[in-house]
Amino acid sequence: MSEAQDALRELEHAWTRAEARGDSAALDALSTDGFRLVGPVGFVLDKQQWLDRYRDGHLVTHELSLEEPSTVLYDDTAVTIGRQVQHAEYQGRPADGEFRVTLISVRADEGWRLAGIHLSAVGGPPPFARQRAGERSKTGDEA
C-alpha cells in the first residue's frame, strides 16, 4: 500500500471513531472548511450544520463502521467508495442503516482531509425515511 493510501486509511479510521464518539472537535479538524455532506435522503449539510448535529445532541451515533473501502487517487484528491453501517439516533428516533458511502478527500499541507461525504441507502430508503414518509401521508402533508 502506498504512503497516500496508508494516510487515507488512517483518515477513514479517525473519521469513523470521531463520528462514533460524536467528537465534533475531531471532525472539524479532519475536514476542510468547504466540507459538504449529502445525506441518505438527499439533504445537504455544510460543515457547520454537519458538526452542529453532534454539538446540539440531535445525532447520537452508537456504532459506525466503514466496510469494503476502495480508493482511487487523482493527484491531490481521493475518492473512496465503501459501505457505512451505523447504529444511531437522530432527535431520539432510530437512524440505523447501511449506506453506500462516497468519501472525497483532498491533500492539504498537513495531510489528507475530508472534503465531502455522500450517502445512499443500500436496498432502498432507510427505515427512518420510510417512517417519515408514512407520517406525512397520514397527515396529508405530501411534499
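Model, not experiment: these values are computed from the prediction.

### A look at the pattern of salt bridges
According to the stated counting rule, one finds 11 salt bridges in the structure shown. A salt bridge links E12 to R9, with the shortest nitrogen-to-oxygen separation between them at 2.6 Å. Note that E12 and R9 are positioned in helix 1 (residues 3–21) at a spacing of three residues, about one turn of the helix. Take R9: its relative accessible area is 18%, and that puts it in the buried class. Taken together, the salt bridges that share partners define one network made up of E67, E68, R83 and E98.

### Things to note about the nonpolar core
Counting residues in each nonpolar core, the largest one holds 28 residues, and the members touching the most others are W15, L27, L37, W50, L103, L114 and I117. A total of six residues in this core trace back to one element, the largest contributor, which is helix 1. In contact with L37, not counting residues within four places along its chain, are F43, V44, L45, W50, I117 and L119.

### Some points on helix 1
Spanning 19 residues, helix 1 covers 27 Å between terminal C-alpha atoms, matching the ideal 27 Å at 1.5 Å per step. Where helix 1 is concerned, the buried positions are A4, L8, R9, L11, E12, A14, W15, T16, A18 and E19. In this fold, the buried residues of helix 1 make contact with helix 2 (24–30), helix 3 (47–55), strand 3 (59–74), strand 4 (77–90), strand 6 (97–108) and strand 7 (111–121). Where helix 1 terminates, the next one or two residues include G22, which has phi positive at roughly 65 degrees.

Calculation criteria
Residues numbered from 1 in each chain as written. Predicted model: local features only at pLDDT ≥ 70, side-chain atom pairs only at ≥ 80, totals over all residues. Heavy atoms only, no water. Salt bridge = Lys/Arg side-chain N within 4 Å of Asp/Glu carboxyl O. Helix = DSSP H or I, 4+ residues; strand = E, 2+ residues; numbered from the N terminus. Buried < 20%, exposed > 50% of the residue type's maximum accessible area, 1.4 Å probe, protein only. Core = buried A, V, L, I, M, F, W, Y, C linked by side-chain atoms within 4.5 Å. Contact = heavy atoms within 4.5 Å. Expected span 1.5 Å × (residues − 1).

Worth remembering: the numbers are spatial, not functional.
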